Amino acid sequence: MTDLTEIGSINPRTLVCGFAFDPCGYSMNGLDRDSYSTIHVTPEEGHSYASFECTGRWAGGRAEVLDSLRKAIGVFRPGAVSVSFCMAPNVDENQVRSAVGDALEPLGLCCRSQAAEEFPGAGTVTYQTFTPHRE
């Protein structure tokens, strides 16, 4: 299923452990050096759900994180996308939000809402929702 769905193309270096559920569904955990990713898919009539989570370093690894995000969206082709980033205190949240928006714009997605929550001493979590451009 990992090959059939092209999930393996999100990060070809990842060592994947995937499992298909009966009658439907898929779950995957992957390791790539010091980062991991996980995918869960629940296809249901009228309300399917897919999630992709990954770890990565923004400093020095920003392009790789954004590339994985774009590839995951390409595999799932969702009608709406929610993106959250957990950041260390020294990362500029506006830079992250802008970079995510710039990465998803060429996919025909536009940011519809965004928020950030600071956790003193721990960092910030940003959250953005994207939907296709309106005509």
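All of the points below concern the structure found in this document. All values derive from a computational prediction rather than experimental measurement.

A closer look at helix 2 (residues 93-104)
Here's step 1: With 12 residues, helix 2 extends 17 Å from end C-alpha to end C-alpha; this agrees with the ideal 16 Å at 1.5 Å per step.
Here's step 2: Every buried residue belonging to helix 2 is among V96, R97, A99, V100, G101, A103 and L104, and all of these are buried.
Here's step 3: Where helix 2 starts, the residue carrying a side-chain oxygen 3.0 Å from the main-chain nitrogen of N94 turns out to be D92.

Let's talk about the pattern of salt bridges
Here's step 1: Tallied over the entire structure, the rule returns 7 salt bridges.
Here's step 2: A salt bridge links R33 to D32; the shortest N-O distance between them is 3.7 Å.
Here's step 3: For R33, a relative accessible area of 62% puts it in the exposed group.
Here's step 4: Judged by its relative accessible area of 5%, D32 is buried.
Here's step 5: Note that R70 and D67 form a salt bridge whose closest N and O atoms lie 3.9 Å from each other. One end of the pair, R70, and the other, D67, are both in helix 1 (residues 58-76), 3 residues apart, so they sit about a helical turn from each other.
Here's step 6: When its relative accessible area of 29% is taken as the criterion, R70 is described as partly exposed.
Here's step 7: For D67, a relative accessible area of 29% gives the class partly exposed.
Here's step 8: Residues joined by salt bridges that share partners form a network here, namely R13, D32, R33 and E64.

Conventions adopted
Residues numbered from 1 in each chain as written. Predicted model: local features only at pLDDT ≥ 70, side-chain atom pairs only at ≥ 80, totals over all residues. Heavy atoms only, no water. Helix = DSSP H or I, 4+ residues; strand = E, 2+ residues; numbered from the N terminus. Expected span 1.5 Å × (residues − 1). Buried < 20%, exposed > 50% of the residue type's maximum accessible area, 1.4 Å probe, protein only. Polar contact = N/O pair within 3.5 Å; in protein donor to acceptor, adjacent residues only side chain to side chain. Salt bridge = Lys/Arg side-chain N within 4 Å of Asp/Glu carboxyl O.

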